[in-house]
Amino acid sequence: MSIGVCYFPEHWPRDRWEEAVQEMADAGLEYVRMGEFAWSRIEPRRGEFDLEWLEAAVDLVGEYGMQAVLCTPTATPPKWLVDERPGILQEDADGTVKDYGSRRHYCFNSPAYREETRRIVSKLAEHFADHPHVAGWQTDNEFGCHGTVRCYCADCATAFRDWLRKKFDSIDDLNETWGTTFWSQHLTGFHEIDPPRETPAGHHPSRLLEYHRFSSDSVVAYNRLQADILRKHNDEWFVTHNFMGQFGDLDAFDVAEDLDLVSWDSYPTGSVQSTEEPTVDDYRAGDPRQVGLSHDLYRGALGKPFWVMEQQPGDINWPPHSPQPAEGAMRLWAHHAVAHGGDAVMYFRWRRCREGQEQYHAGLRKQDGSPDRGYADASRAADELFDLAPVDAPVALLHRYDDLWATSIQPHSPDFDYWDHVETYYRALRRRGVQVDVIPPDRDLSDYAAVVAPSLYLAADALADRLATYVAGGGHLLCGVRTGEKDSYNKLPNAPQPGPLADLLGATVDRHETLPADFETRVTYDGDTYDYRTWAEWFDLDGATVRGEHAGGVADGTPAIVEHEYGAGSATWCGVWPGTDLADALVESLLARADIERTPVLPDGVAVAERDGHVWVTNFTGSPVSVDVPSGTEWVVGSNPIDGFDVGVLKADPAEVGITVADSERS
Ligand code: GAL
């Protein structure tokens, strides 16, 4: 387990570097990430390279017993390059060119930019190939940040046409597959296809989905270009990329195929402000389930420990509000990441910057170099954490970017949000202290006792066969709304929903509706009545048993939740977007059937996670919590009760852990 930091030596006078690096080593840090936006310092003018300063910084890091993680600087092409080759700039759907002056202004499909990328990455890789203190590389920085995965320029038009030519046998094949008769969209050749730029009404959903796929594939190819160059120079380096939390435009699973290590950037008090009504505690420490979902997704991406490449170090500049995190929150986040399977936590940044766009962003040190609160937290985390085996999760939650894209193209309700719906089930699993791998549906599922598939929207025969094999072999599956509603090209199939999954789920959809929040929406489940929201389906049965019915409305008395015994396992299908209580009941029934150990339902803001025989209790609330465990249980970190924003690590079985909140009112 390692703690590290992101450092920008180029922002500080050279005579200050050694002191800084020594302070890093004193805090017990092991890795220092550098270089991600430094192109104009590395190559101030075309062909004039200056790598001496970066090498000196890496040398220093090594002298103090740490390792460097270097980054390719491609997120910030310098001004001279933009002026020479303005075609590298991104273009919006309305034709606006994204100008120089911030970052991420390049197009992934620009042949000119790919050429420049090859040049700068090769130069760096060659220079550092034999350096003993470079552990690995981060490609670029946060692909897609600031809404930059999808570009609409002329280079993208050419690349999109080529991408489609490879995918379809002929233009007639494409016309047929997308269904272009509608609104006179028949095409006579691939040359007629442009990126989906501004139109009076919405674009064809099949074409849009393809553009989302193509744009993501463009980033995958761009990342691969960099990864291949780095590996060619030293195949012992790890290659990683720092993804963002719950970012939807880019298929992180696809990008990960070219990485050795997946990492992501965690800013809990920023990301929580995208949720509906953050509590005061959320503003101070974030929401452990929201952060946890990203930890579990990026762990799931390669099925191995991930890194947090940027961990919030204190107050930050970019969310609407910028509260100071609670005392100890920076340490709490490191423990929480490790409990979810993280192997390293790198704080962003070392020192608050005195210039440029991010002056209102804390570092572990203040602007004058003196320690800020994050420094003590990072140092304490470095001291407390210890090496652990990877997480072994009994449950898989299936997530696929195609489903996210397709449902976002036709949400069919202003309230239908893919991540929110996924989170409904994820939170219910986490409220029982269960470790969850968030993985794509084409992975081997045989080791999971239970699988939750909140939104398998696009269904093909191969997927249906795989899930049927899993359940027939004794697996337990729980599916949510919109399962099997469309085919792989975002078209309704010539069969009732759920298309090829009907045999496994033992039911089909008779009708569906979406409803505003002020409608009363109720269903029964095993004799109790529950709320649901936004989306309702009602089923015709074909082998399944009714577990719940609609209670009121036009669907009153029709099947809403069904269960199908299938081979040695079972498949449950919930045809409504469940409220919290119904999600808890569905998940409890699933975990019981699959015989998975679990805690009693945990309070909001308190997380329990087991890794390698240790149980982490991370308290993201301001109130102390008592942990009920058998007497004699060994506490490795902390003690009972656990204070607000504090952590306990115990040698225990999660099923033995109960939590009592001292003051049950969350502030
Ligand atoms: C990240 C980014 C960093 C920095 C940070 C500020 O998204 O990778 O470069 O901008 O946010 O919180």
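Quick one: what's the story with helix α14 (residues 373-384), residue by residue and with numbers?
Compared with the 16 Å implied by 1.5 Å per residue over 12 residues, the 17 Å span of α14 between its first and last C-alpha is a close match. Listed as buried for α14 are G374, Y375, D377, A378, A381 and E384. Taken together, the buried residues of α14 touch β1 (2-6), α1 (14-26), α13 (329-339), β8 (342-348) and β23 (634-637).

Break down the site of the ligand for me, citing the residues and quoting the values.
With respect to spatial proximity, the complete set of residues near the ligand consists of F37, R103, N141, E142, D265, Y267, E310, W318, F348, E358 and H361. Taking E142, its side chain carries an N or O atom lying 2.4 Å from an oxygen atom of the ligand. Within the side chain of H361, one N or O atom sits 2.7 Å away from an oxygen atom of the ligand. Of the residues assigned to the shell around the ligand, the class counts are 4 nonpolar, 2 polar and 5 charged.

Account for the packing of aromatic side chains, with residues named and values stated.
Considering all chains together, one arrives at 34 aromatic pairs under this definition. With a centroid separation of 5.5 Å and an interplanar angle of 75°, the aromatic rings of F416 and W577 are classed as edge-to-face. On the criterion of sequence distance, the pair formed by F416 in the loop between α15 (401-409) and α16 (418-430) and W577 in strand β19 (residues 576-578) is long-range, its members being 161 residues apart. Comparing F416 with W577 shows no difference in burial state: the two are buried. Members of the aromatic cluster, joined through ring pairs, are W39, Y106, F108, Y113, F143 and Y222. Directly above the ring of F416 sits R482, whose terminal nitrogen or CZ lies 4.7 Å from the centroid. The ring centre of W577 lies 3.8 Å from the NZ or CZ of R533, which sits over that ring.

So what's going on with the sheet that holds strand β9 (residues 395-398)? Which residues, and what values?
The strand order across the open sheet formed by 7 strands is β10-β9-β11-β12-β18-β17-β16, and the pairing between neighbours is mixed. The open sheet terminates on both sides in strands that have one partner only, identified here as β10 (436-439) and β16 (545-549). With strand direction ignored, the average angle separating the axes of adjacent strands in the sheet is 20°. Across the sheet, α16 touches β9, β10, β11 (450-453), β12 (476-479) and β18 (569-574), and the angle it forms with β9 is around 170°. Against the sheet, helix α17 (residues 461-472) engages β9, β11, β12, β17 (559-566) and β18, with an angle of about 125° to β18.

Criteria and thresholds
Residues numbered from 1 in each chain as written. Predicted model: local features only at pLDDT ≥ 70, side-chain atom pairs only at ≥ 80, totals over all residues. Heavy atoms only, no water. Helix = DSSP H or I, 4+ residues; strand = E, 2+ residues; numbered from the N terminus. Expected span 1.5 Å × (residues − 1). Buried < 20%, exposed > 50% of the residue type's maximum accessible area, 1.4 Å probe, protein only. Contact = heavy atoms within 4.5 Å. Near = heavy atom within 4 Å. Polar contact = N/O pair within 3.5 Å; in protein donor to acceptor, adjacent residues only side chain to side chain. Nonpolar A, V, L, I, M, F, W, Y, C, P; charged D, E, K, R; others polar. Phe/Tyr/Trp six-rings, centres within 6.5 Å; stacked < 30°, edge-to-face > 60°. Lys NZ or Arg CZ within 6 Å of the ring centre and 35° of its normal. Pairing = 2+ DSSP bridges. Axes fitted to C-alpha atoms, helices over the stretch in contact; angles between N-to-C directions.

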